[in-house]
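# Inside the fold
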Amino acid sequence: MRSRYLIIGLAVALVAVTTVLIVTARSGDSTASGGDLTVTNTVVVPDGDTSSSDTPSSDTPSSSSDQSSSAAPTTGTDGRPASNVPMTKLAPGEKPPQFIIFSFDGAGSEIKWPIFMDAAKQVNARFTGFLSGIYLIGDSGKNAGVYTGPGHPTGAASIGYGGTEQSIINEVNNLNRAYSEGHEIGTHYNGHFCAGAEPSGDQWSTADWNSELDQFFQFMSDWKTLNNYTDVPDLQVPTTEVKGGRTPCLEGQWDQLVPAWKAHDMTYDSSMPAPYSGIAWPEKKDGIWEFYMPTVYSPGFEGSVMAMDYNFWFKFNQAQNEPETAPELRQIVKGTYDFMYDQAYHGNRAPVLIANHFNVWNGDSFNPPALDFMMEKCTQPDTYCATYQDVIAWMEMQDPAVLEQILNQAPVAASAP
Ligand SMILES: [Zn+2]
């Protein structure tokens with residue numbers, strides 16, 4: 001399938017999409033260049049899976065929320081706040097906390113980063129940004145050919161690079177702020193090669209994934225020299241803090257990925273479509289915690305959908321850009337999130353994954369419901385909006401027998417109540 005559509009906001013980006021698979025999120029990411037026009041970054045790439053430029057959002061969090069958490073997190077040795085998850089062992093049969101894990105693929109948007117960080121601060125939430133590594137590579141590094149995607153010509157990518165030096169500085173500042181406030185940085189890899197831009201993740205070998213991850217970590221460590229920047233701030237997110245990620249378009253073969261993850265000291269992944277319907281606890285498989293991307297029942301759709309922004313969009317109107325439908329779609333998405341939460345909260349207490357990009361797809365149909373959900377639910381009793389790593393730490397401190405009982409509970413939210 002091939003369709004082309006024009007996204008018109010404050011800026012215009014042309015996005016060409018090929019071979020859309022419903023269960024495979026084809027996900028473009030915002031570029032780090034925020035509101036910049038990124039046409040040159042998008043149309044040159046056949047897969048064009050990218051960058052609708054951000055437009056200012058009116059959905060800023062209410063500052064008058066009376067649910068602001070008064071919890072003053074203690075400070076860890078590195079100056080970061082301590083985990084917002086109560087690290088206590090459950091007794092056998094005791095209900096686990098309800099975790100909600102927000103993640104944003106790409107994690108490059110000058111507009112969206114502060115909106116979600118400000119909101120999170122109000123409700124004591126933490127979230128995870130899955131960074132596309134080339135958002136740390138600016139025009140100079142791009143022109144110098146510092147990135148070669150596995151099987152692709154040097155410089156090629158399906159998303160835009162990071163843009164100007166100022167855009168890179170802004171991205172670094174946002175990453176630093178996020179990390180310092182207890183949010184987590186993971187990887188969304190680099191070139192975002194998906195079906196239609198082969199070889200894509202589904203075809204990559206372990207060696208290919210190793211190359212992709214080597215480059216991701218090199219970009220984090222050496223972005224200054226690769227870009228030939230001299231007077232810029234340090235990136236204060238240690239590479240050792242990146243422990244997992246989400247593959248572009250959820251592509252990749254498990255047996256090829258696992259050795260590459262282990263070679264890079266990673267402990268979790270959140271890319272694999274769940275092999276069951278509904279929401280269940282993560283599974284530790286081959287030494288990796290897999291937080292499956294769930295397919296759930298959606299009251300608004302009166303049917304099943306994979307709970308990820310792009311997949312909602314595809315289910316709604318085959319991912320056509322129809323901004324006038326945004327109010328309706330936002331309501332469906334929010335209703336689906338609420339249903340997921342209610343079913344989990346009153347059921348197996350499996351972590352609810354809210355998987356978004358920072359994109360403004362379909363008139364910004366997806367970030368506003370995620371934001372509303374964050375503001376409403378993160379202060380509910382026994383509910384913790386946490387990072388992947390903090391949820392893993394909580395699971396791993398439980399008594400093995402207690403944990404096994406928790407993990408083995410049947411999925412919820414698979415069908416209409
Ligand atoms: Zn993506």
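Residues numbered from 1 in each chain as written. Predicted model: local features only at pLDDT ≥ 70, side-chain atom pairs only at ≥ 80, totals over all residues. Heavy atoms only, no water.

Going by what an unreviewed UniProt entry lists, the chain is known as Polysaccharide deacetylase and is assigned to Nakamurella leprariae.

Where two cysteines share a covalent bond between their sulfur atoms, that bond is called a disulfide. Here the structure, examined in full by the defined rule, presents 2 disulfides. Sulfur-sulfur distance for the disulfide between Cys 194 and Cys 249 comes to 2.0 Å. Around the S-S axis, the bridge from Cys 194 to Cys 249 shows a dihedral of about 90° and counts as right-handed. Of this pair, Cys 194 sits in the loop between strand E5 (184-187) and helix H5 (206-227) while Cys 249 sits in the loop between strand E6 (244-245) and helix H6 (254-263), and the two are 55 residues apart along the sequence. Under the relative-accessibility criterion, Cys 194 is labelled buried at 0%. Disulfide pairing places Cys 378 opposite Cys 385 at an S-S distance of 2.0 Å. Judged by the torsion about the S-S bond (-95°), the Cys 378/Cys 385 disulfide is left-handed. Across this residue pair, the class does not change: Cys 378 and Cys 385 are buried. The connectivity of the disulfides in the chain is 1-2, 3-4, where the numbers refer to bonded cysteines in sequence order. (Disulfide = S-S within 2.5 Å. Helix = DSSP H or I, 4+ residues; strand = E, 2+ residues; numbered from the N terminus. Buried < 20%, exposed > 50% of the residue type's maximum accessible area, 1.4 Å probe, protein only.)

Right, let's get into the sheet that holds strand E12 (residues 303-306). The 3 strands lie next to each other as E8-E11-E12, forming an open sheet whose pairing is mixed. Only two strands of the sheet have a single neighbouring strand rather than two, namely strand E8 (273-277) and E12. Strand after strand, the sheet turns through a mean of 35° between neighbouring axes, direction not considered. (Pairing = 2+ DSSP bridges. Axes fitted to C-alpha atoms, helices over the stretch in contact; angles between N-to-C directions.)

Right, let's talk about the pattern of salt bridges for a bit. Tallied over the entire structure, the rule returns 15 salt bridges. Notably, a salt bridge pairs Glu 181 with Arg 177, separated by 2.9 Å at the nearest N-O pair. Take Glu 181: its relative accessible area is 18%, and that puts it in the buried class. A relative accessible area of 23% means that Arg 177 is categorised as partly exposed. Between Arg 349 and Asp 382 there is a salt bridge whose closest N-O contact spans 2.9 Å. Of the two residues, Arg 349 sits in the loop between helix H8 (326-345) and strand E13 (352-357) while Asp 382 sits in the loop between helix H10 (367-377) and strand E14 (383-385), which places them 33 residues apart along the sequence. When its relative accessible area of 5% is taken as the criterion, Arg 349 is described as buried. The partly exposed category is assigned to Asp 382, whose relative accessible area is 35%. What emerges from the salt-bridge pattern is a single network uniting Asp 118, Lys 121, Arg 177 and Glu 181. (Salt bridge = Lys/Arg side-chain N within 4 Å of Asp/Glu carboxyl O.)

All right, on to the confidence of the model for the chain then. Residues with a pLDDT of 70 or more make up 82% of the chain, whose mean pLDDT is 86. Considering only residues more than four positions removed or in separate chains, one finds that residues 1-73, a stretch of pLDDT under 50, has 215 contacts. (pLDDT = per-residue confidence, 0-100. Contact = heavy atoms within 4.5 Å.)

Here we take up the nonpolar core. Counting 118 residues, the largest nonpolar core has Phe 102, Trp 261, Phe 291, Met 374 and Met 395 as its most contacted members. Top element by residues in this core is H8. It accounts for 9 residues. When neighbours within four sequence positions are excluded, Met 395 is seen to be in contact with Trp 281, Pro 282, Trp 289, Phe 291, Leu 403 and Leu 407. (Core = buried A, V, L, I, M, F, W, Y, C linked by side-chain atoms within 4.5 Å.)

Glancing now at the packing of aromatic side chains. Under the criterion given, the structure shown has 31 aromatic pairs. Geometrically, the ring pair formed by Phe 99 and Trp 394 is edge-to-face, given 5.3 Å between the ring centres and 70° between the ring planes. Here Phe 99, found in strand E3 (residues 98-106), pairs with Trp 394, found in helix H11 (residues 388-396); they are 295 residues apart in sequence, far enough to count as distant. Pair check on accessibility: Phe 99 and Trp 394 agree, each one buried. We note Arg 80 situated over the ring of Tyr 179; from NZ or CZ to the ring centre the distance is 3.8 Å. (Phe/Tyr/Trp six-rings, centres within 6.5 Å; stacked < 30°, edge-to-face > 60°. Lys NZ or Arg CZ within 6 Å of the ring centre and 35° of its normal.)

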